[in-house]
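Here is what each chain is made of, one letter per residue.
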Amino acid sequence: MRLLLISNSTNAGEAYLQYPLGNIDAFLGGIREVLFVPYAAVTFSYDEYLQKVQERLGEVGITVRSVHNCDDPVAAVAAAPAIAVGGGNTFALVKKMQEQGLIEAIRDRVRAGAPYIGWSAGSNVTCPTLCTTNDMPIVEPQSFATMGLVPFQINPHYLDANPEGHAGETREQRIQEFIAANPDRYVVGLREGCMLVVDEGELTLIGPKPVRVFKCGEQTRELSENLSFLLG
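Residues numbered from 1 in each chain as written. Predicted model: local features only at pLDDT ≥ 70, side-chain atom pairs only at ≥ 80, totals over all residues. Heavy atoms only, no water.

A. Inspection of the pairing of strand β1 (residues 2-6) at higher detail. For β1, the buried fraction is high: 4 of the 5 residues fall into the buried class. Where β1 meets strand β8 (residues 195-199), 5 bridges bridge the pair, whose relative direction is antiparallel. Across the sheet, Leu-3 pairs through a bridge with Val-198, a residue of β8. Bridge analysis of β1 against strand β5 (residues 116-119) gives 4 bridges, and the strand direction is parallel. Note on β5: the bridge partner recorded for Leu-5 is Gly-118. (Buried < 20%, exposed > 50% of the residue type's maximum accessible area, 1.4 Å probe, protein only. Helix = DSSP H or I, 4+ residues; strand = E, 2+ residues; numbered from the N terminus. Pairing = 2+ DSSP bridges.)

B. Broad picture of helix α2 (residues 46-57). Compared with an ideal rise of 1.5 Å per residue, which puts 12 residues at 16 Å, α2 spans 16 Å between its outermost C-alpha atoms and is within 8% of the ideal. Among the residues making up α2, those that are buried are Tyr-49, Leu-50, Val-53, Arg-56 and Leu-57. Along the long axis of α2, the arc covered by the buried residues comes to 135 degrees, so they all point the same way. Against the buried residues of α2 lie α1 (21-28), β2 (33-37), β3 (63-66) and β5. (Expected span 1.5 Å × (residues − 1). Arc of directions from axis to C-beta. Contact = heavy atoms within 4.5 Å.)

C. How the structure looks around a nonpolar patch on the surface. Together, Val-42, Met-136 and Ile-138 make up a nonpolar patch on the protein surface, roughly 320 Å² of accessible area in all. By the secondary structure assignment, Val-42 is in the loop between β2 and α2. Classification of Val-42 by relative accessible area gives partly exposed; the value is 46%. (Patch = residues over 30% accessible without salt bridge, like charges linked within 9 Å, V, L, I, M, F, W, Y side chains within 5 Å. Areas by Shrake-Rupley, 256 points an atom, 1.4 Å probe, with all protein chains shown as cover. Salt bridge = Lys/Arg side-chain N within 4 Å of Asp/Glu carboxyl O.)

D. Up close: the side chain of Asn-8. In this fold, Asn-8 is placed in the loop between β1 and α1. A distance of 3.1 Å separates a polar atom in the side chain of Asn-8 from a polar atom in the side chain of Asn-11. (Polar contact = N/O pair within 3.5 Å; in protein donor to acceptor, adjacent residues only side chain to side chain.)

E. The nonpolar core, seen in detail. Core analysis: the biggest nonpolar cluster contains 45 residues, and Leu-93, Ile-106, Tyr-116, Phe-152, Leu-196 and Val-211 have the highest contact counts within it. At 5 residues, the largest contribution of residues to this core is made by helix α5 (residues 102-111). With residues up to four places along the chain from it excluded, the contact list for Leu-93 reads Val-37, Tyr-39, Ala-40, Val-85, Gly-86, Ala-121, Gly-122 and Val-125. Judged by nonpolar contacts, the second largest core, of 24 residues, contains Leu-28, Ala-41, Val-53 and Val-64. (Core = buried A, V, L, I, M, F, W, Y, C linked by side-chain atoms within 4.5 Å.)

Below is the structure:
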């Protein structure tokens, strides 16, 4: 099983998918076609999302097909050489994936060997649940359960900052709530500009910042290496 789990699509001041483009290209190797899942898009169309991703990945010779254009989404996933799931609203993404049977289909295809690329919400859905997303629940999925391709939770776009004048919970406080309610589950705070790679049972970090690892009853840690214990 091979996964490339990216925190965010765009670094401040950069073009869309510019910073991870080389990593995506290298991760796919000789595979030059991906099946894209655009269902996290809310304020723009799936066609627009497809065009945006195709324009960027086309720079390295990758053809992008979208599942929303397929008559049989499950069959399209079963035949896909690689799968990419984009960011946006995680609740909208999961609702549509559940309705089309894509949670199970993508899980099966990736476990059978198809490389998987996700960013933001697309990384969230590889976890056991969507419960560590940053998104508002603008729609109601059938359940919070997602693909469980990794046994830990990811919080993408992880931030340590507490803006001056902000009286609400910090990101860390919200994650502490999650681990108190889910004491057996690790949460990885994945900072922007960073990505996780799962390959041959190993978990590695790419990027300039460490991950922040949370678990109930354990000291919160900043780690850049030796992450494979998270795969359990």
